[in-house]
Structure formats: structure tokens, C-alpha cells
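# An overview of the molecular structure
Read off the chains here:
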Amino acid sequence: MATATYPPPPPYYRLYKDYLQDPTSAPEPPPPIEGTYICFGGNYTTDDVLPSLEEQGVRQLYAKGPNIDFKKELRSLNRELQLHILELADVLVERPSQYARRVEDISLIFKNLHHLLNSLRPHQARATLIHILELQIQRRKQAVEDIKRRREEAQKLLKESLATLDGH
């Protein structure tokens, strides 16, 4: 009994048999998906929007609005997290059966911290892209300067070579 290492290609490969002779013979690719779609049983959307904490069913611990001072809010949540962790340690020592509420509070603080950090990701991506593009510009300017310098050196060598040949 013979077995194949790889499965046979899908049948639609025949649609591309004349592609090298006539690139327009191949079918057009499907249009991009827009809106919501289901993949492996989960609902997904093509809109890249960070859902609010309320939409996720989580209470928001920091100020609402468009002008959020991220540094201040992150510091505040971090201090609150430290306080709650110390309280959890105290509860675990004195009343171990009552730790669940403290763990839920810590979980809420972590969710708020995570949401704040995720809302900064577009800014981080933009800043990273700007930095990468500035580095590329700098490298290209250095390459141009290097080419100019080498061209001048080559011209100088050519002039010296011509002068040497004319002198003999």
C-alpha cells in the first residue's frame, strides 16, 4: 500500500494553468471581509476598536473622558494595587476565609491597568513607526554621504592616474 507524503492540491489549481501565458486568466481574489465574521466558533470584527470596560462588564476605576492623564492614572492604579496586595497579605494571615473579595478587587485593578495600557498601544505603534522611519532616513543620508565621499576619492585617484600617465 503506497501513501503520499503530501495531499493532492485542491481542485481549483486548474484555474491558474494558463497564468504564465495570460495573467488575466486567473480569477480575481475575493474581496476583503468587512464587519463581523465567525472563525472557529468565535465572533470577530474587522474594526480595530478597543471595547470600553463597561462593554466588557468591568467597572472603570479611573476618570472617563477623552483627556485622560495616563501617567497619573497608571500611577494611581499601581499604588492602589500595592495597597490591595498588602491588604490581601494581611487578610490571608488574620482571616484566610475572607480572601476572595480582595482577590476580586486586585483582579479589577489589573483589568483597569491592562485596559489603560491597551489604549496606549496605537500611540506606541505610531511612535515606533516614526522612530523606524527616522532611522531609515538617517541611514540613507549616511549612505548617500558615503557614496559621495567614495566618488570624490575615485575622481581624485583618476586625476592622479591621468597626471601620472601624462607625466611619462
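Our subject in this report is the structure included herewith.

## As for the pairing of strand 2 (residues 42-45)
Bridge count between strand 1 (residues 36-39) and strand 2: 4 bridges; the pairing is antiparallel. For Y37, the partnering residue across the bridge sits in strand 2 and is Y44. Linking strand 1 back to strand 2 in an antiparallel pair, the connection comprises 2 residues, with F40 at a positive phi of about 55°.

## Describing the packing of helix 2 (residues 99-119) against helix 3 (residues 121-167)
Between helix 2 and helix 3, whose axes approach to 4 Å, the crossing angle comes to 35°. Only R121, P122 and H123 of helix 3 make contact with helix 2, whose side of the interface consists of L117, N118 and S119. Its residues assigned to classes, the contact of helix 2 with helix 3 shows 2 nonpolar, 3 polar and 1 charged.

## A word on the nonpolar core
With 12 residues, the main nonpolar core is built from L53, V58, Y62, L74, L77, L81, L88, I106, L108, I109, L113 and L116. Those elements that place two or more of their residues in this core are helix 1 (70-94) and helix 2. Examining the composition of this core, we find that 5 residues originate from one element, helix 2, more than from any other. Discounting chain neighbours no more than four positions away, the residues touching L108 are V58, R59 and L61.

## Some points on the packing of helix 1 against helix 2
Interaxial distance between helix 1 and helix 2 falls to 9 Å at its minimum, and their mutual angle equals 160°. In terms of their interaxial angle, helix 1 and helix 2 are classed as roughly antiparallel. Handedness of the helix 1/helix 2 crossing: left-handed. Its residues assigned to classes, the contact of helix 1 with helix 2 shows 16 nonpolar, 4 polar and 5 charged.

What counts and what doesn't
- Residues numbered from 1 in each chain as written.
- Predicted model: local features only at pLDDT ≥ 70, side-chain atom pairs only at ≥ 80, totals over all residues.
- Heavy atoms only, no water.
- Pairing = 2+ DSSP bridges.
- Helix = DSSP H or I, 4+ residues; strand = E, 2+ residues; numbered from the N terminus.
- Axes fitted to C-alpha atoms, helices over the stretch in contact; angles between N-to-C directions.
- Contact = heavy atoms within 4.5 Å.
- Nonpolar A, V, L, I, M, F, W, Y, C, P; charged D, E, K, R; others polar.
- Core = buried A, V, L, I, M, F, W, Y, C linked by side-chain atoms within 4.5 Å.
- Buried < 20%, exposed > 50% of the residue type's maximum accessible area, 1.4 Å probe, protein only.
- Parallel < 35°, antiparallel > 145°, perpendicular 65-115°, else oblique.
- Left-handed = near helix turned anticlockwise from the far one by under 90°.

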